[in-house]
Amino acid sequence: MYKDLKIMAIVPARGGSKGLPNKNILPLAGHPLIAYSIEASKRSKYIDRVLVTTDSEAIADVSRQYGADVPFLRPAHLAADLSTDVEAFTHALEWLQANEGEIPDLIIQLRPTSPIRFVEEIDDCIARLADTPAATALRAVTLSPNTPYKMWRLGASENDFMTPLLTVDGIAEPYNEPRQNLPKVYWQTGTLDIFRPSVLLEQKSMTGRHILPYVMDASLSIDIDDIDSFRRAENLLPKINCIKFDA
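What this report covers is the structure whose coordinates are included nearby. Source: prediction; values computed, not measured.

**Thoughts on the sheet that holds strand E10 (residues 211–215)**
For step 1, the next point in the chain: Strand order in the open sheet formed by 6 strands is E4-E1-E5-E9-E6-E10, with mixed pairing between adjacent strands. Strand pairing shows two members of the sheet lacking a second neighbour, strand E4 (49–53) and E10, which therefore form its edges. Direction aside, the axes of adjacent strands within the sheet are offset by 30° on average.
For step 2, the next point in the chain: Across 4 bridges, the pairing between strand E1 (residues 7–12) and strand E5 (residues 106–109) is parallel. Counted as the bridge partner of Met8 is Ile107 from E5.

Right under this line is the structure:
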């Protein structure tokens, strides 16, 4: 709890995964992938409860073994390939309201596919959003290696002229400028998102319009989606002082 706010971590983990089957419970450096998000939540000074929303009994069992609450299974139609975070998190909050009579003041989303996190950073982000009443959310980002100012839109046919994706005030042709002269842009990593539940329930948005940034080290921002990214995380984890499990 931070300043009397009830703070819940929600870990979304559906059973289906085409790029890396069963990835959420694959052993990563000795523990199931999802365990890293659960353990990070448990070690936070401010998170009161960690809940896993999943459609999979196997993921639910592993999550409970590592100390997460799994009070319901997510309906299959909310765990399909094209299902959205808004749908999954709305279902979770509505379940909490209907079955427990209340919802938390802040929700932190910890995707299991981003296992490399520092608990101190999580707590700093929670405090920052809590201390900024005008902010509706906070989202982790990292400096993008590619600039969208050099990207293009193509026409309907190959004979149509292409048009630049973005423009820059004061620069006639940003696509011909050195990258150093263009605005810096940031890529959302998926490592952590924090939001106020009222924004989700009232606006059907995971962020609202007033989003604080948290800039992360790009070298630590791994989103596991295939065997190569899984191996990168596996190689990196022993080299950093990240999440430690009790013996």
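Next comes the rest of the description.
**Examining the pairing of strand E9 (residues 186–195)**
For step 1, the next point in the chain: Taken across its 10 residues, E9 has 7 buried, putting it largely inside the fold.
For step 2, the next point in the chain: With 3 bridges joining them, E5 and E9 adopt antiparallel strand pairing. Residue Ile108 lies in a different strand from E9, and its bridge partner there is Ile194.
For step 3, the next point in the chain: Taken together, the 6 bridges between strand E6 (residues 137–143) and E9 define a ladder with antiparallel strand orientation. From the neighbouring strand, Leu138 faces E9, where its bridge partner is Ile194.

**Some remarks on the pairing of E1**
For a regular strand, side-chain orientation follows a simple rule: the groups alternate between the two sheet faces.
For step 1, the next point in the chain: For E1, the buried fraction is high: 6 of the 6 residues fall into the buried class.
For step 2, the next point in the chain: Where burial is concerned, the two faces of E1 agree: the one with Ile7, Ala9 and Val11 and the one with Met8, Ile10 and Pro12 are both buried.
For step 3, the next point in the chain: Here E1 runs beside E4; their pairing, made up of 5 bridges, is parallel. Note that in E4 the partner of Met8 across the bridge is Arg49.

**Topic: the packing of aromatic side chains**
For step 1, the next point in the chain: Per the stated rule, a full pass over the model turns up 6 aromatic pairs.
For step 2, the next point in the chain: Ring centres of Phe72 and Trp95 lie 5.1 Å apart, and the angle between their planes is 40°; on these two criteria the pair is classed as tilted. Note that Phe72 is positioned in the loop between helix H2 (57–65) and helix H3 (85–100) and Trp95 in helix H3, a separation of 23 residues in sequence.
For step 3, the next point in the chain: The structure contains a cluster of three or more aromatic residues connected by ring pairs, namely Tyr36, Tyr66 and Phe245.

**Here's the deal with the layout of surface pockets**
For step 1, the next point in the chain: Of the volumes computed, that of the largest pocket is approximately 770 Å³.
For step 2, the next point in the chain: Surrounding the largest pocket, 30 residues form its lining, Arg14, Lys23, Asp85, Arg111 and Thr113 being those nearest its centre.
For step 3, the next point in the chain: Secondary structure elements with two or more residues in the lining of the largest pocket: H3 and E9.
For step 4, the next point in the chain: Top contributing element to the lining of the largest pocket by residue count: E9, with 5 residues.
For step 5, the next point in the chain: Residue composition of the lining of the largest pocket, by class: 9 nonpolar, 10 polar and 11 charged.

Cut-offs applied
Residues numbered from 1 in each chain as written. Predicted model: local features only at pLDDT ≥ 70, side-chain atom pairs only at ≥ 80, totals over all residues. Heavy atoms only, no water. Pairing = 2+ DSSP bridges. Helix = DSSP H or I, 4+ residues; strand = E, 2+ residues; numbered from the N terminus. Axes fitted to C-alpha atoms, helices over the stretch in contact; angles between N-to-C directions. Buried < 20%, exposed > 50% of the residue type's maximum accessible area, 1.4 Å probe, protein only. Phe/Tyr/Trp six-rings, centres within 6.5 Å; stacked < 30°, edge-to-face > 60°. 1 Å grid on protein atoms, 1.4 Å probe; cavity = no way out; pocket = protein on both sides within 12 Å on 5 of 7 lines; lining within 4 Å. Points joined across faces, edges and corners; volume = space filled by probe spheres on them. Nonpolar A, V, L, I, M, F, W, Y, C, P; charged D, E, K, R; others polar.

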